[in-house]
Amino acid sequence: INEDMVAGATFLRTHAESNGRLGAVGFCFGGGICNMLATRVPELRASVPFYGGPATEGVANIKAQLLIHYAGTDERINAAWPAYETALKAAGVKHTMHMYAGTQHGFNNDTTPRYDKAAAAEAWKRTMDFFAATLRK
């Protein structure tokens, strides 16, 4: 954890508009950042990486619940899933992974030909429901 992460987490938890519970969502590179934040920010309660590279170190430090969205045809990211799932289970991390059959990396990005409206809608609904369950008081 570096000073900026600690300061940012403290700012967000204590902001007048905050209930003190932290969550993160990210797409592609941002999904990998969500996975990394989960290993380094113990105050993080919920993390939702969309087709993000898994955390390779520090999985045992994860306190957040994870909702992981993967594209069905994303061979590079999906190849790392079995080892990541094993590490999450070994660390007792609460997690759910959804694989969207027939979708490509970036399926939630409506500015590319990879966009899959049905999968994006389903993933976003799951994300909002997950945040409601983990972050609302």
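Structure shown above.
Residues numbered from 1 in each chain as written. Predicted model: local features only at pLDDT ≥ 70, side-chain atom pairs only at ≥ 80, totals over all residues. Heavy atoms only, no water.

Participant: Mind showing me how you'd approach the sheet that holds strand β4 (residues 95-100) here?
Facilitator: Adjacent strands of a sheet pair through backbone hydrogen bonds, lying either parallel or antiparallel. Taken in spatial order, the four strands make up an open sheet running β1-β2-β3-β4, and their pairing is parallel. The open sheet has two edge strands with one neighbour each: β1 (22-27) and β4. Here the strands of the sheet are splayed against their neighbours by 10° on average, with no regard to which way each runs. In this structure, strand β3 (residues 65-71) lies alongside β4, joined through six bridges in parallel fashion. Counted as the bridge partner of histidine 69 is histidine 98 from β4. Along the sheet face, helix α4 (residues 81-91) touches β3 and β4 and points at about 170° away from the line of β3. Helix-sheet contacts for helix α5 (residues 117-135) involve β1, β2 (44-50), β3 and β4, and the interaxial angle to β2 is about 175°. (Pairing = 2+ DSSP bridges. Helix = DSSP H or I, 4+ residues; strand = E, 2+ residues; numbered from the N terminus. Axes fitted to C-alpha atoms, helices over the stretch in contact; angles between N-to-C directions. Contact = heavy atoms within 4.5 Å.)

Participant: Any chance you could explain the pairing of β1 here in plain terms?
Facilitator: Consecutive side chains of a regular strand alternate in pointing toward one face of the sheet and then the other. Where burial is concerned, the two faces of β1 differ: the one with Leu22, Ala24 and Gly26 is buried and the one with Gly23, Val25 and Phe27 is not. Where β1 and β2 come together, six bridges link them in parallel fashion. If you follow glycine 26 over to β2, its bridge partner there is proline 49. Handedness of the β-α-β unit built from β1, helix α2 (residues 29-40) and β2 comes out right-handed. (Buried < 20%, exposed > 50% of the residue type's maximum accessible area, 1.4 Å probe, protein only. Right-handed = clockwise from strand over helix to strand, strands pointing away.)

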